[in-house]
Amino acid sequence: MVPIPEVKKAVLAWISRDDELVPEMRELCSSAGYRIVEEVRQVKDRPDPKFYFGSGKVSELSEIEDVEYMLTPADLTPPQAYSISKASGLVVLDRIRVILELFKERASTPESRLQVELADLHHQMPIIKEYIHQGTLTERPGFLGGGEYMVDYYYEMARKRMARIRKELALTRKARGQKRALRKRRGARTVSIAGYTNAGKSTLFNALLADDDPLRSAEVSPMVFTTLGTTTRKMSGIRNCMVTDTVGFIRDLPPWLVEGFMSTLEEVFLSDVVLLVVDPLDPDDMLVRKLADSLKVLRNGSTQGKVVLVLNKADLPCVRSEEEFLTLVKNGLDPALLAMISDIVRVSAKDRTNIDGLIHAIRQLFGPLVRFKAVVPQTEIGFEAVKYIRELSEESEEGFVEADIEVSGLLEERWVVPVTRRIIEAGGRVVIGPPSTEDEKGLIPISHDMKGT
Ligand SMILES: Nc1nc2c(ncn2[C@@H]2O[C@H](COP(=O)(O)OP(=O)(O)OP(=O)(O)O)[C@@H](O)[C@H]2O)c(=O)[nH]1
Ligand SMILES: [Mg+2]
């Protein structure tokens, strides 16, 4: 369960240069438990190096009654944060700070707690340094006198802790890499769900699971950053395929924050297919911007898999049509980013509408399926071959025919040669039929009897 945060009264303040960041910031603030009781906007093209605002605005902030926090969608420098706080008497949090607060609150696994702690230390170091500097410059010099000694001491402690955390995270990253390699060796396909925070990734993840156990499903909530870690489970509809739910994206994440979450993001970058979930409720410009940001994250991570755009929330009446969406994306996206998209599928993850269509689209990306039928003798090695086939094929069926076992199903092309070899080793033969139904268009029949090949 995501804990319901206590309500903290805040003023949201920014300069007009940062107008664009405000809607997302409002969402972040409310998810982090802040109630914005007043908004202050200053018309200003360039931030003041010392105060970000003009100094007159800062004294205006200090006069607002009954608020304790000042939140701003900008990324403040440590001296700016210090100066505003000192002059206004408010606790000052910029966008990254609010994101980190949210992460801290939501981190529920040991790994995500370490990831957040690392990011937090990284972000806090220069700010605390600024506070110590400013607060102690007037104190007497020397040991216990504060000043540089305190800064050095804090830095030393923080650096040691960060080094320890990095080591631990490297271990979990390695372990995750080993698990991934093992799955690959067993021929498993991997699908990961990525996209902006709150797009409906976890809802889609739950809809795609082979085992519909609500106790093992991912948590869904209208808050941003509900999911911080990764969960990998068996996917329904495609044999030997795993699906992973991951942390959501948000614009302009600093590289140090991305670095902390690298092992989580690696699951996305290294999967065979990435389902990039889009929230169609966003207005046009925001939707295109979020999509471009998400595609850039995938590109920067050298994503290997094919990208399927999943237009979610199709159940809502206000959602634009697929044609409208296509026009919007074609006109708004940089062609290089557009070229990363292999397919577009519209679903309602919540109502589970067209999940079959999405599974079909994923399967197509894995390559065509081959229909096969084999006959093997009922010997130990024959039964082993059947077990091997069962593990690799879709819709497999088995039956006993006199002294033989007849097994049929659909195979990915890459398995045809190893399966044929196993059957022949078991003293059996492969007999193939043409695709029989409309559904199986895309299927490639193996065109010759493979006995002895
Ligand atoms: N109407 C509608 N709502 C949906 C659909 N899919 C998800 N939602 C809602 O969107 C909100 C976010 O869903 P999540 O699945 O938690 O989104 P997420 O992308 O995993 O979010 P984070 O983990 O916080 O990044 C929840 O309130 C869901 O109920 C959908 O298909 N239709
Ligand atoms: Mg989620």
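None of the values given here were measured: they were computed from a predicted structure.

Caption draft 1: Inspection of the packing of aromatic side chains at higher detail. Under the counting rule described, the total for this entry stands at 4 aromatic pairs. Aromatic pair F383 and F400: ring centres 6.4 Å apart, planes at 65 degrees, arrangement edge-to-face. With F383 in helix 14 (residues 380-392) and F400 in strand 12 (residues 394-401), this residue pair connects regions lying 17 residues apart in the sequence. The class of F400 is exposed, set by a relative accessible area of 58%. One cation-aromatic arrangement involves R189 over F366; the distance from NZ or CZ to the ring centre is 4.6 Å. Across the ring face of Y388, the terminal group of R422 is positioned such that the distance to the ring centre comes to 4.4 Å.

Caption draft 2: Inspection of the packing of helix 14 against helix 15 (residues 416-425) at higher detail. Orientation of helix 14 relative to helix 15, taken along the N-to-C sense of each, is 165 degrees, at an axis distance of 9 Å. Here helix 14 lies roughly antiparallel to helix 15, going by the angle between them. Note that helix 14 runs across helix 15; the crossing there is left-handed. Mapping the contact onto sequence places I381, E384, A385, Y388, I389 and L392 in helix 14 and P418, V419, R422, I423 and E425 in helix 15.

Caption draft 3: Structural context of the site of ligand 1. Contacts to ligand 1 come from 22 residues, most closely from K201, T203, T226, T227 and D315. At a separation of 2.8 Å, an oxygen atom of ligand 1 approaches a polar side-chain atom of T197. The contact in question runs from an oxygen atom of ligand 1 to an N or O atom on the side chain of S348, over 3.3 Å. In isolation ligand 1 offers 650 Å² of accessible surface; the protein chains occlude 92% of this area. Classifying every residue of the shell around ligand 1 gives 8 nonpolar, 10 polar and 4 charged.

Caption draft 4: Local environment of the sheet that holds strand 2 (residues 34-42). Spatially, 4 strands are ordered 2-1-3-4 in an open sheet, and the strand pairing comes out parallel. With partners counted over all chains shown, the strands left at the sheet margins are strand 2 and strand 4 (91-94), one partner each. With direction set aside, neighbouring strand axes in the sheet form an average angle of 25 degrees. Along the sheet, helix 2 (residues 55-62) contacts strand 1 (8-15), strand 2 and strand 3 (69-72); its crossing angle with strand 2, the most-contacted strand, is approximately 150 degrees. Of the strands in this sheet, strand 2, strand 3 and strand 4 are in contact with helix 4 (residues 95-106), which crosses strand 4 at around 90 degrees.

The rules behind these values
Residues numbered from 1 in each chain as written. Chains lettered and ligands numbered in written order. Predicted model: local features only at pLDDT ≥ 70, side-chain atom pairs only at ≥ 80, totals over all residues. Heavy atoms only, no water. Phe/Tyr/Trp six-rings, centres within 6.5 Å; stacked < 30°, edge-to-face > 60°. Helix = DSSP H or I, 4+ residues; strand = E, 2+ residues; numbered from the N terminus. Buried < 20%, exposed > 50% of the residue type's maximum accessible area, 1.4 Å probe, protein only. Lys NZ or Arg CZ within 6 Å of the ring centre and 35° of its normal. Axes fitted to C-alpha atoms, helices over the stretch in contact; angles between N-to-C directions. Parallel < 35°, antiparallel > 145°, perpendicular 65-115°, else oblique. Left-handed = near helix turned anticlockwise from the far one by under 90°. Contact = heavy atoms within 4.5 Å. Near = heavy atom within 4 Å. Polar contact = N/O pair within 3.5 Å; in protein donor to acceptor, adjacent residues only side chain to side chain. Areas by Shrake-Rupley, 256 points an atom, 1.4 Å probe, with all protein chains shown as cover. Nonpolar A, V, L, I, M, F, W, Y, C, P; charged D, E, K, R; others polar. Pairing = 2+ DSSP bridges.

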